[in-house]
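Remarks on the overall topology
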Amino acid sequence: MAPTEYIYVTYIHAGPEEVWRALTDNEFIKKYFDGGGPQSDWAVGSPILWKMDDETGYRDWDQQVLEADPPHRLVYSWHNYQPEMQKYFPWTDEQLVELQKEPRARVTFTVEPAVESPIRPGRIEWTKLTLLHDNFVPGSEMRKGISEGWPFMMSKLKTIVEEG
Amino acid sequence: MDDQVFIYDTYVATTRERLWDALTNPDTTEQFWSGNRLISDWAIGSPVRLLDGDMVRDEGEVLDFVPCQRMSFSWKPHFAIEFAAEQGTPIAFAESEAGHETRVGFAISEFGPQLRLTLTHDHFAPDSKLFPIISFGWPFYMASLKSLLESGAGLELPAGAKVGRGAN
């Protein structure tokens, strides 16, 4: 993994359509994003509102859907550093201004059939979900933060999809 | 690239005892690790072997073992070399790598109502060709382990099944 990207791969005991729904159904998203996360109509070019926590609520942090190819590939732009994040990180106002000069990162989800049913040809029993979060600068504070968060979100997404 | 480290966190809704048993009981490892049995008496310095029937797929020695908390062992991944050949992309491994011992560690920590299982695989030879192979393999087995403990369904590859390689 390059210092400018973050990758997390998991395998989910479900079909690609169920995994796609977990990525683009706004109610479903809240279940693994601790009640927040992104909300959008998930059409290419549409805005994404982001909820970091209950106190801040949904904000338009200039995020957009860049690609949406159901049920294969979803790409969206990430948010910049925000003043509301300073309560979680020890950034001064001056540091925040510097951090905001970093290029904006991007999230790409790739959904692929992994294991086909041995009994029912064409039915996918396990789906591979690859998260690529890239366009960070080396040593990025944002990358440190998302590296902590994504394994938890992706683990929870897998659990909820598998529970049906 | 030197100093390659593979780290993979999985959050699992289970107990420390069940998670530990899944990693150290060969009857359980074969349910999530493509039928392979991980065999050791887990005393420091004892051999650790990953067996497919009678065949030793990978092997090493116990370096650290604190029940229900953490363990690590050295690891000569013979299997990764065979895997590359099976996939039709044989890799020219350096002489130094064929006998090189990497290191695998598992650690369990609490995170809210669930457990975080952290896998760390490091100590690769300089310019190791193994790294992309293990980076492909571990998420597969860790996802299988999580499903096995949470829903009872480990990820089994039916004969002839193909696994999507995707971004790896």
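For the structure, check the block above.
Presented here is an overview of the structure given in this document. What you see is a predicted model; the values in this text were computed from it and never measured.

Criteria and cut-off values
Residue numbers run consecutively from 1 along every chain, following the written order of its sequence. By the order in which they are written, chains take letters starting at A while ligands take numbers starting at 1. pLDDT decides what is reported in this predicted model: residues at 70 or higher carry local features, side-chain atom pairs at 80 or more are listed and counted, and totals for whole chains, interfaces and linings draw on all residues regardless. Two residues qualify as being in contact provided that their C-beta atoms, derived from the backbone, are within 7 Å of each other. Segments assigned H or I by DSSP are reported as helices when at least four residues long, segments assigned E as strands when at least two residues long, and all are numbered from the N terminus. Note that Gly is not counted as nonpolar here; it falls among the polar residues with everything else outside the nonpolar set of Ala, Val, Leu, Ile, Met, Phe, Trp, Tyr, Cys and Pro and the charged set of Asp, Glu, Lys and Arg. DSSP-based pairing: two strands are paired if at least 2 bridges between them are found. Note on geometry: axes are C-alpha line fits, over the in-contact stretch for helices, and angles between N-to-C directions span 0 to 180 degrees.

This part covers the interface of chain B and chain A. In this assembly, 20 residues from chain B lie in contact with 23 residues from chain A. If you list the elements that add at least two residues to the side of chain B that touches chain A, you get β1 (6–12) and α5 (131–151) of chain B. Of all the elements, α5(B) adds the most residues to the side of chain B that touches chain A, at seven residues. When its residues are assigned to classes, the side of chain B that touches chain A shows twelve nonpolar, five polar and three charged.

So, about the sheet that holds strand β6 (residues 102–111) of chain B. Strands belonging to one sheet form pairs held by backbone hydrogen bonds; the direction of such a pair is parallel or antiparallel. Residue and element names in this part refer to chain B. Pairing in this open sheet of seven strands is antiparallel, and the strands run β1-β7-β6-β5-β4-β3-β2 from one edge to the other. Across the chains shown, the open sheet's two edge strands, defined by having one partner strand only, are β1 and β2 (37–39). Here the strands of the sheet are splayed against their neighbours by 25° on average, with no regard to which way each runs. As paired strands, β1 and strand β7 (residues 114–122) are joined by seven bridges and run antiparallel to one another. Following the sheet pairing, Val-12 is matched in β7 by Leu-115. This element, α5, spans β1 and β7 of the sheet and lies at about 10° to β1.

So, on to unusual backbone geometry. Backbone torsion omega between Pro70(A) and Pro71(A) reads -10°, so that peptide bond is classified as cis. For Pro71(A), the location among the structural elements is in the loop between β4 (58–69) and β5 (73–77). One non-glycine residue, Trp42(A), lies in the positive phi region at around 60°. Tracing the backbone through its elements, the reader meets Trp42(A) in the loop between β2 (37–39) and β3 (47–51). Even without glycine at this site, Ser34(B) takes up a positive phi of about 50°. By secondary structure assignment, the location of Ser34(B) is in the loop between α2 (26–32) and β2.

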